[in-house]
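Reading the structure
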Amino acid sequence: MESKTLDGLMQPKSVAVVGASSQPGKIGYTVVDNLIKSGYEGKIYPINPKAADILGIKAYPSVLAVPDEIDAAAITVPASLVEQAAEECGKKGVKALIIITSGFSEVGNRDLEDRIVAIARRYNMRILGPNIVGTLSNSQKLNASFAPFLPLTGKATLISQSGALLIAMDASTYIRRVGFEKLISIGNMSDVDFADIITWLDDDPNTTCVSLYIEGFRDGRKFMDACRRAHKPIIALKSGVSSHGAAAAASHTGSLAGAAKVYGAAFQQAGVVQASDLDNLFDRTLALSLQPPMKGDNLLIITNGGGVGVLATDSAERYGLPLQFAPQDLRDELKKHMPEFGSAKNPVDLTGMAGRDWYEDSIRFAFAHPWVDGLVVLYCETSLTDPVDIAYGIKKAIDESGVKDKPVTVSFVGGEQSEKATRWLVEQGIPTYSAPDLAVNALAALREYAIMQQMLAETNEPCLDVNKAQALEVIGRARADGRDSLTEIEAKQVFAAYGLPVTKTQLAKNEEEAVELAKAIGFPIVMKIVSPDILHKSDAGGVKVNIKDEAGVREAYRTILNNAKAYKADARIHGIAIQEMAPWGTEVILGSVNDATFGPTMMFGLGGIFVEVLKDVTFRVAPVAEGQALRMLSEIRGAPILAGVRGEKPRDRQAMAATICRYSSMIVDLAEEISESDANPVLVYEEGKGVRVADARIILKKK
Ligand code: ACO
């Protein structure tokens, strides 16, 4: 999509209000009033069939009667009149509709919404909404909404899927001192979605950071592509993170793939910083909109209080920036600006005696020091110092350091004077907070952003040595058989076609074949029932392991068949799988789901109790590049087990990562066919000894 197509919406030179009213209290009145009060410099055209003028501005009975061009039309007539209004706007050549009206797909009235979108497409109009508050822009002096006023001026732009939340945030920008360039209510996203606006904002010189409040959307890949292409930080608060679709899931992976995990994975892969709640969205937006990314891990904390220093140290560890001691030359210099009993290690404790000079001298030197990647300055209000004066000192030192490419955040803990100092520092472009934890968290957001940007540079090596035709043939046979799940043997054939290291498995249709195959594969072996009607083989007594000889094969063959018949008398039985018994290794699980928003999505976790009870798993939207696969291995809680604990050698993480990449290529390649899948267990051996997939399950998409 050409980002320019949104110009009429984002920078309208004229705005009509269709449904403008002279009655205070009506939305059609408020929108006209807001346009006037916000100082909008373009033309305003109130549209009302009965009124001659509204709020002192000449009104027209229809947009078709307006003598000039109209860029955007805010629609505030009831839902039943919107179709006609859209048609007239189309005829008039209006570029964008801002449909404030509710009563569309959000209440099940999708047909009406679809008809309006069809009209817009016919006339090449874009639609914001419906079911929105409207849109606000400080640089355009445009309040085309029923939110009370333009937000505090700043450099972030908020796109909110909730209108109520946008209104609430609008007012609180003044209390929280977080400035915004635009607030955009996006509502039902019948046409314009997050991705479209993110793309437009990337070229907007007034926006340095994009802040999102997300409830959910359909086209996850489009969203990810837009975020990946963006050159500005994007931060998202996602609500509604309880698990979705879990009840219907047929695979292990399906039951674990909640919205929080899948959206979280997509955000990480698209370079989107996350906020944990509304406060955090504000706090992190402030830092991301004002400061550059933090390019390395070395955080230095300068404080006048030991307590806040320790609190900040704890926070740093919590947010992935554990403190390191400052190098000796930096310490030697800092020692000159503190009393004997101060500490120059990190946190740098200037002590309660610290005045403006000590702050200034240490910040000026430390910020410019090459070891320092980011700085947090803390101040506790003392009777020896004036907080506002300290704030002046901090600003001066940062300016004089000459550093432009490193971030700094500040926390002033104290009373009214500290609050005054905080406000002043924020106005100077220095994100300042009321608690050390907030300052560290905000800096961590700048580090997360930088790390994710590096990750985006990683590319995916496509797997070329795959045999898709073979996989499709296996799937086709199962479908011809009227099934929507594959047997283990079939699933392993599909896996093998994608080069996944499955254990040798063959189907025996009678006892003699079982003996022959067991001998060919080599003892010990595993035997499993193969039946499309028995998914949970162990529960049915359909699995025997560690069979060491021919007699064992014969006995197992009969026992398994008897058990299966007892479990389900009418089960269709294809035979018994004769399987190589892979040596013991660390058990992990791989799996996939076809997420409604993001499509094929991978899961990885440790097997057994770790997945069953602790749900210690992690997700990525497929395909997964090797760097991301390695991160999947290290971000689960059980990661140390793979790294080698209690004298055990490290597991073959490289081979495991390669297997994840391959698996992810498979589910992308076969996205039209595979609904869910599991490889469970996958056995991971010592470094250099690879992995083996011991069991496989594939559920097909219903066709
Ligand atoms: N062209 C132009 N104006 C017209 C037309 C027309 N064809 N037909 C009627 N009008 C005029 C009406 O005469 C009226 O003006 P008047 O006061 O001079 O008579 C004006 O349009 C508005 O029409 P009403 O019938 O009075 O509609 P009302 O203002 O009661 O409601 C509204 C319209 C606000 C769009 C309502 O239907 C609605 O959807 N409300 C919810 C909006 C909302 O909350 N959106 C955000 C959701 S997000 C959140 O939760 C915060």
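In the block above lies the structure referred to throughout.
Residues numbered from 1 in each chain as written. Predicted model: local features only at pLDDT ≥ 70, side-chain atom pairs only at ≥ 80, totals over all residues. Heavy atoms only, no water.

Observations regarding the overall build of the protein
Check the secondary structure of the protein and you find 24 helices and 29 strands. Projected onto its principal axes, the C-alpha positions of the protein cover 95 × 80 × 40 Å. Sorting the 703 residues of the protein into buried and exposed places 57% on the buried side. Contacts in the protein between residues far apart in sequence, at least 24 positions, make up 71% of those at least 6 positions apart. Counting every atom, the protein has about 28500 Å² of accessible surface; 52% of that belongs to carbon and sulfur. The protein carries 76 positive and 87 negative side-chain charges, and their two centres are separated by 3 Å. (Helix = DSSP H or I, 4+ residues; strand = E, 2+ residues; numbered from the N terminus. Buried < 20%, exposed > 50% of the residue type's maximum accessible area, 1.4 Å probe, protein only. Contact = heavy atoms within 4.5 Å. Areas by Shrake-Rupley, 256 points an atom, 1.4 Å probe, with all protein chains shown as cover. Lys, Arg positive; Asp, Glu negative; His and termini not counted. Charge placed at Lys NZ, Arg CZ, Asp CG, Glu CD.)

With respect to the site of the ligand
Surveying the vicinity of the ligand reveals 24 residues, the closest of which are Ser21, Lys26, Asn48, Ile100 and Ser102. In the model, a nitrogen atom of the ligand is placed 3.4 Å from a nitrogen or oxygen of the glycine 19 main chain. In the complex, the protein chains occlude 70% of the 1000 Å² of accessible area that the ligand would expose alone. In this structure the site holding the ligand corresponds to the second largest pocket. Split into classes, the residues belonging to the shell around the ligand amount to 13 nonpolar, 9 polar and 2 charged. (Near = heavy atom within 4 Å. Polar contact = N/O pair within 3.5 Å; in protein donor to acceptor, adjacent residues only side chain to side chain. 1 Å grid on protein atoms, 1.4 Å probe; cavity = no way out; pocket = protein on both sides within 12 Å on 5 of 7 lines; lining within 4 Å. Sits in = over half its atoms within 2 Å of the grid points. Nonpolar A, V, L, I, M, F, W, Y, C, P; charged D, E, K, R; others polar.)

Brief notes about the sheet that holds strand E10 (residues 153–160)
Strand pairs in the sheet, formed through backbone hydrogen bonds, run parallel or antiparallel to each other. On the basis of which strands lie adjacent, the open sheet formed by 7 strands has the order E9-E8-E11-E10-E12-E13-E14 and mixed pairing. Looking along the sheet, the strands with just one partner apiece sit at the ends: strand E9 (142–145) and strand E14 (272–274). Each strand axis lies, on average, 20° off the axis of its neighbour in the sheet, ignoring direction. Here strand E8 (residues 134–137) pairs with E9 via 4 bridges, running antiparallel. What sits directly across from glycine 134, in E9, is serine 145. Together, E10, strand E11 (180–185), strand E12 (209–214) and strand E13 (234–238) form the strand contacts of helix H6 (residues 194–201), whose direction differs from that of E12 by roughly 170°. This element, helix H10 (residues 278–290), spans E10, E11, E12, E13 and E14 of the sheet and lies at about 180° to E13. (Pairing = 2+ DSSP bridges. Axes fitted to C-alpha atoms, helices over the stretch in contact; angles between N-to-C directions.)

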